[in-house]
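Residue-level structure breakdown
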Amino acid sequence: MKDGAGLDLVVNGEPHHVLAAPGRRLSDVLRNDLGLIGTKVGCDAGDCGACSVLVDGEVVCACLTPVAHVAGQRIETVEALADPGPDDLQRAFLRHGAAQCGICTPGMLMAATALVRRIQTPTRAEVEDALGGVLCRCTGYTKIVDAVLDVAGQGAGPEPIGGEAIGARVERLDGVAKVVGTESYGADAVAEEVLEVRAVRSPFAHARFDFSDLAGWASAHGVQVFTAADIPGENSFSVIPAFADQPALAEGVARMRGEAVALVAGDAEVMDGLDLEEFPVRWEELPAIEDVTEARKAQAALIHADRAENILIAGHVERGAAQEALARSAHVVERAMQSGYVEHAYIEPEAGIAWMEGDVLNIRACTQAPIMDRDDTARVLGLAPEKVRIRPAATGGGFGSKLDVSLQPLIGLVALRTGRAARMVYSRRESMMSTTKRHPSKMMARIGCDDAGRLTGMWFDGDFNTGAYSSWGPTVAVRVPVHASGPYVMPAYRAEARAVHTHGPVSGAFRGFGVPQAAIIQETLFDELAEAVGLDRLAFRLRNAMRDGDVSVCGQHMRGVGIAECLEALQASWDAAMDRVRELNALGGTVRHGIGVASCWYGCGNTALPNPSTIRIGLTPKGQVVLHQGAMDIGQGANTVIAQIAADALGMPVHMLELVDADTGVTPDCGKTSASRQTVVTGKAAMLAGQALRAQVLALTNMGDGAGITLGDGALVVSDGARSARIDPATLAVNEHGYVLMAEESYDPPTSALDENGQGTPYAVYGYGAQLAEVAVDTRLGTVRVERITAAHDLGRVINPLLAEGQIEGGIAQGLGLALMEEYVPGRTDNLHDYLIPTIGDMPEIRSILIEKPDPEGPFGAKGLGEHVLIPTAPAILNAIRHACGARIDQLPARPDRVLAAIRKAEGNQ
C-alpha cells in the first residue's frame, strides 16, 4: 500500500518523493513506485540475494530494508550501471556467459560492483566471499567469479562471419537486457486497473473442505472470489492430456498440501492488507498416504479410483533372460537405494498477468512450454486454443517445473470472468509448497559380470513417488527403464519402474526425468563390481562402454556413441587424482580423500513419441532477415544456439538475424523446452529452414553453393567469388506473413513405438558424458567437501563452447546438491533458508572437456546437453566418498549423519 509518510529518496542519482509506510520494503518501492524492475525479488526473506542493491556503497537486501531506513541515503540499483550502456563489469558478465536465466544477475552485479570499487583486483577468495550472499541456480557460479576477476579484460571477440557461427563463443544474444536490468520476467508485467490474485490453499496433505457465505465475505472485504464452480471448461489438466487428473481449483477434496481451492481477486490496496486465514473455508483433515510402499498395499485407499494399487503407470524394458544371466555370472552385486523430494529452487517464483484483447485471452507468465500452456488453459476455461495467446515472459529458471501450468488458468479465469487484467505472483513459500518436485525413489538392482569384468546382466526395479497427480510421472516411469543400464553393453536386462500416487507434492520433470536416480544405483554398483573383479574402476567402465554398432537394451543399433571417448578423456585426470589422493591419505588424520567416476547417457526428446518443432525464417520488404524461434530460452541458451544453427545454414552472420522469440501468436510450435531436445529437434528444424531459404536466395541470383549472403543498404547481397548480385526486397511480393522470401520447416526425430518388452527406437539422438569427482571426507564430523570435478561430455558438435561450459557447471552444481544437501520436506522446508542449495562457497573447481563425436541425425552432428550434465555428478561423488572412507550411502542426500552412520557400518564390516 502506498499510503504513509512522504519520504525523500535518492535513487541512481535522482531525487524521488514517495508516499510509503515507513516499514514498507525498499524492494517494493523500487519496483512498484519507481518502476525499477531490475531489482528482482526471489524470497522476501533475505535468503536469495536477488534484490541486492547498494545503499551508500554497501550491499543490502532490498526485501529486508524498510524504506524509512534509507531516506536521504544514496541508493543504487542495477539500472545505474548501464548509463549509457553496459559497463565493464556487465560486459565481463556477457563475455564469460555469467548470466544464464538472468534472474539473479542484478543482485550478483550489485554485490560485485561494491567489491571492485573497494578492491580493484580482488582474489578469487575475495570474490567468492563478496558474492556469497547471492544464490544462483543456473550457472554453478564459476563463470560469475571468472567475470568479476576479468572485469578489466578484453571486450567481446569479433563477430563470426557467415557460415562460421557454429563452434564460436558467441555471447548470449539476449544477454544485454539481462545484465542491464531491463529484461521483463513474470513479476515485472503490470497493467492499469489490474486485479491482484491470491490463492487459498490446503494446509493439509489430504482434506475435505467446503465453503460458507463466500458472497458475504467477498462483499465485506471488497474483493471477488472464484471457486471450481466458476470454471467454464474441464477442471482437469496434465502435461500429458491422456492422464489429465489435476484440477485448477480443487472440488471438495484436496489431495496435496498447497493445492488451490479458491481464488481471491481485488485491487492492490485491498489485497495487500487481506488476511486469507479468515477466508470462509472449513477443513476436515483426512488420513494421508505419503510413502510409495504404503500406497501399494492392498488395503491402501485409492487416491484416484481408476488407478489400482495407486499405480499411475509402469514402464518395462526386457532384453534376454536377466535372471538366468545373473545366476551364471562370476560376480553379482546388489543393493537398495532411496532418494527424497528435490525442489527446483529457481530464483524466480511463478508470476504472470492475464488480460483480454477482444475475445482473445492473453497471458504473459514464466513458462517452459507456451503451446502446452495455451492448450491446457484453453481446455480448463472452455476456450478454443486460438482464443488463448501465450506471450511468455523471460523465465527465471525452470529445470522442468515450469513445464506444468501453475497460475495460467487461474489468472486466465479471473481475466475472463471480470474483463480486467489479473496478476498473480507466488510467494517463495507458495511456490515451493505447490509446484512439482524431483520424484522420490525406492530402487533395487542386481548387476553381474564374468571373470574378465564383462557385464552379463542387470535387473532393476523402482517405485517413483509421483505424488497426488500425474504430471510427468508417465515419462519418468517409461524413461527410467530405457536408461537404467547406463551407456554400457548389457547382454541381458530387465527393468521396471512405476509412478506411484501418494498425497505428497506432485512430482514432475526435473533435469533428467528419473534418470539421475537410476544412475546413482547403477554407477555405485559398478564400483563394487569392478572391485570384485579386481579392475580399476575407470577401466571397468571402458571395458563395457557402448560403441558404434552395439545394441542398446531396447534393441536399438547405436550410432555416434561417444561414451568411450568421454571416459578416455578422463584418464590423465584420473591417474593424477589417484596419485594426489594417495599422497594426501598417507599424511593420516581424520580427513580422508577419495575419487569417484560415473557415466551417463540420455535420449534427447520424447520417448518413442512424436516430438516435432517448426521454424520460420523470412526476409522483410525492408531487408531484414527474421528468425521466428519459439523454443523457450530458460537460461540454457536456445535463443543463441538455434540462431547460430540457422545463420550457418543460411550462410549469413548470426548477428544479422532478428529474433522473434516464443509467442504462440507469432511463432510456430517449437515444442517444450525439456528433455534436452531444443538443440537437436528445434536446431534441426532451424537448419532445414535456413538451408531452404538459402536455396531460394541462390536460385534467384543464380549463384553457386559457396556463395556468401549478407545485408547491405536494405538489400540482400549475394557474392560468389568475383560475382555479386543484389535482391531488392522492396520489389518483391509480400506473403501472408509479411515476408517477400520465407522458409518454414519442421523436424520430428525418427523414433518408433516400444513393444511390450520395451524394444524399439525410443530416441533418435543420445548424448553422453562422464565425470570424475575428488572429495575430502571428515570422518569425525561426516562432512563432505567436493574439491574438484572433471567433466567430459560428448556434444556431437559443439555449437557454442561458452554456453556449453555454463551448462556443465550449472548441472554439476545441481548434481552436487542432489548428492549432499537437497532434501525437500513438505511443510518444513518451504523457503531458501531451510532448503539448502549449493552456494558459491560449496562449489568445487570444475574442468570441462568438450568431446565431439558427431551424431548422424543431429543438426551439424549436434547432440543435447542440458540434462546429461547433472546425471553423473551425484554417483561420482558417492563413489568418491566410498573410496575415501568405505562409506556406502544408500539414502540421499548424503547428510553428515548418514555419512557417519555409513562409516561406522563399514568399519563394523571390516
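Presented here is a report on the structure given in the accompanying data block. Keep in mind that what you see is a predicted model, and the values were worked out from it rather than measured.

Rules used in this analysis
Residues numbered from 1 in each chain as written. Predicted model: local features only at pLDDT ≥ 70, side-chain atom pairs only at ≥ 80, totals over all residues. Heavy atoms only, no water. Phe/Tyr/Trp six-rings, centres within 6.5 Å; stacked < 30°, edge-to-face > 60°. Helix = DSSP H or I, 4+ residues; strand = E, 2+ residues; numbered from the N terminus. Buried < 20%, exposed > 50% of the residue type's maximum accessible area, 1.4 Å probe, protein only. Pairing = 2+ DSSP bridges. 1 Å grid on protein atoms, 1.4 Å probe; cavity = no way out; pocket = protein on both sides within 12 Å on 5 of 7 lines; lining within 4 Å. Points joined across faces, edges and corners; volume = space filled by probe spheres on them. Nonpolar A, V, L, I, M, F, W, Y, C, P; charged D, E, K, R; others polar. Axes fitted to C-alpha atoms, helices over the stretch in contact; angles between N-to-C directions. Contact = heavy atoms within 4.5 Å. Disulfide = S-S within 2.5 Å. Salt bridge = Lys/Arg side-chain N within 4 Å of Asp/Glu carboxyl O. Polar contact = N/O pair within 3.5 Å; in protein donor to acceptor, adjacent residues only side chain to side chain.

**Focus on the packing of aromatic side chains**
Counted under the stated rule, the structure contains eleven aromatic pairs. Considering the side-chain rings of Phe209 and Trp283, the 5.5 Å spacing of their centres and the 50 degrees angle between planes classify their relative orientation as tilted. Taken together, the residues Phe209 in strand β7 (residues 207-211) and Trp283 in strand β11 (residues 281-285) connect sequence positions 74 residues apart. Owing to a relative accessible area of 8%, Phe209 belongs among the buried residues under this scheme. Consider the rings of Phe526 and Phe540, whose centres lie 5.5 Å apart with planes at 85 degrees: the pair is edge-to-face. A residue pair is termed long-range when its members are at least 10 positions apart, and Phe526 in helix α15 (residues 515-533) and Phe540 in helix α16 (residues 537-544) qualify at 14 residues.

**Regarding the pairing of strand β24 (residues 613-619)**
Judged by how many residues are buried, β24 sits mostly within the fold: seven of seven residues are covered. Where burial is concerned, the two faces of β24 agree: the one with Ser613, Ile615, Ile617 and Leu619 and the one with Thr614, Arg616 and Gly618 are both buried. Two strands pair when backbone bridges link them, and β24 and strand β30 (residues 741-747) are joined in this way by seven bridges, in the antiparallel orientation. When the sheet's bridge partners are listed, Ile617 is paired in β30 with Ala743. For β24 and strand β25 (residues 625-629), the ladder comprises four bridges, and the chain directions are antiparallel. Each bridged residue has a counterpart across the sheet, and for Ile617 the counterpart in β25 is Leu627. Two successive antiparallel strands, β24 and β25, enclose a turn made up of five residues, where Gly623 displays a positive phi of approximately 85 degrees.

**Some thoughts on empty space enclosed by the protein**
Sizing a probe to match a water molecule and rolling it over the atoms shows the empty space that remains. Counting across every chain of the model gives nine cavities of 30 Å³ or more. Size it by volume and the largest cavity reaches roughly 590 Å³. Residue lining of the largest cavity: 38 residues in total, with Gln636, Ser676, Gln807, Leu865 and Gly866 positioned closest to the centre. Every element with two or more residues in the lining of the largest cavity is listed here: α19 (638-650), α20 (678-701) and α21 (801-820). Looking at the lining of the largest cavity residue by residue, the classes come out as 18 nonpolar, 15 polar and five charged.

**Here's the deal with the sheet that holds strand β3 (residues 52-55)**
As summarised here, the arrangement of the five strands in space is β2-β1-β5-β3-β4, forming an open sheet in which the pairing is mixed. Each having just a single partner strand, β2 (14-20) and β4 (58-61) make up the two edges of the open sheet. Strand after strand, the sheet turns through a mean of 40 degrees between neighbouring axes, direction not considered. In the packing of helix α1 (residues 26-33) onto the sheet, contacts are made with β1 (5-11), β2, β3 and β5 (74-76), and the angle to β2 comes to roughly 105 degrees. Sitting on the sheet, helix α3 (residues 105-118) is in contact with β3, β4 and β5, with an inclination near 35 degrees to β3.

**Focus on the pairing of strand β18 (residues 422-425)**
Alignment of strand β6 (residues 195-201) against β18, held across two bridges, turns out to be parallel. Residue pairing for β18: Leu195 is matched across the bridge by Ala422. Pairing geometry for strand β15 (residues 351-357) and β18, over four bridges, is antiparallel. Pairing of Gly352 across the sheet is with Met424, part of β18.

**Comments concerning the state of the cysteines**
Summed over all chains, the structure comprises zero disulfides. The cysteine Cys366 is free of any disulfide, with Cys101 supplying the nearest cysteine sulfur at 11 Å. Classification of Cys366 by relative accessible area gives buried; the value is 4%. Considering cysteine sulfurs only, Cys604 is the nearest to Cys554, which forms no disulfide, with 15 Å between them. For Cys554, a relative accessible area of 1% puts it in the buried group.

**Concerning the pattern of salt bridges**
Summed over the entire model, instances satisfying the criterion amount to 61 salt bridges. Among the ionic pairs, Asp146 bridges to Arg124, the shortest N-O distance being 2.6 Å. Of this pair, Asp146 sits in helix α5 (residues 142-149) while Arg124 sits in helix α4 (residues 124-130), and the two are 22 residues apart along the sequence. Here Asp267 makes a salt bridge to Arg420, at a shortest N to O gap of 2.8 Å. Placement of Asp267 in the loop between β10 (260-266) and α8 (268-272) and of Arg420 in the loop between α12 (408-418) and β18 is noted, with a sequence separation of 153 residues between them.

**Here's the deal with the sheet that holds strand β16 (residues 360-365)**
The sheet built from seven strands is open, its strands ordered β8-β10-β6-β18-β15-β16-β17 with mixed pairing. Edge strands, defined here as strands with exactly one partner in the open sheet, are β8 (224-226) and β17 (388-390). Each adjacent strand pair in this sheet contributes to an overall mean axis angle of 25 degrees, direction not counted. Pairing analysis gives six bridges linking β6 to β10, with the strands arranged antiparallel. Looking at β10, one finds that Val197 is bridged to Ala265. Sitting on the sheet, helix α11 (residues 370-381) touches β16 and β17, and the angle it makes with β17 is about 150 degrees. Packed on one face of the sheet, α12 meets β6, β8, β10, β15, β16 and β18 and runs near 30 degrees to β15.

**Examining the side chain of Gln368**
Along the chain, Gln368 falls in the loop between β16 and α11. At a separation of 2.9 Å, a polar atom in the side chain of Gln368 contacts the main-chain amide nitrogen of Gly400. Ignoring sequence-local partners within four residues, the contact set of Gln368 consists of Gly398, Phe399, Gly400, Ser401, Lys402, Leu403, Met632, Ile634, Lys672 and Thr673.

**A word on the environment of Ala207**
For Ala207, the location among the structural elements is in strand β7. Separated by 173 residues in sequence, Ala207 and Leu34 have C-alpha atoms that sit 43 Å apart. Here Ala207 is in contact with Gly252, Val253, Ala254, Trp283, Glu284, Glu285 and Leu286, once residues within four sequence places are set aside.

In short, shape yes, function no, at least from these values alone.
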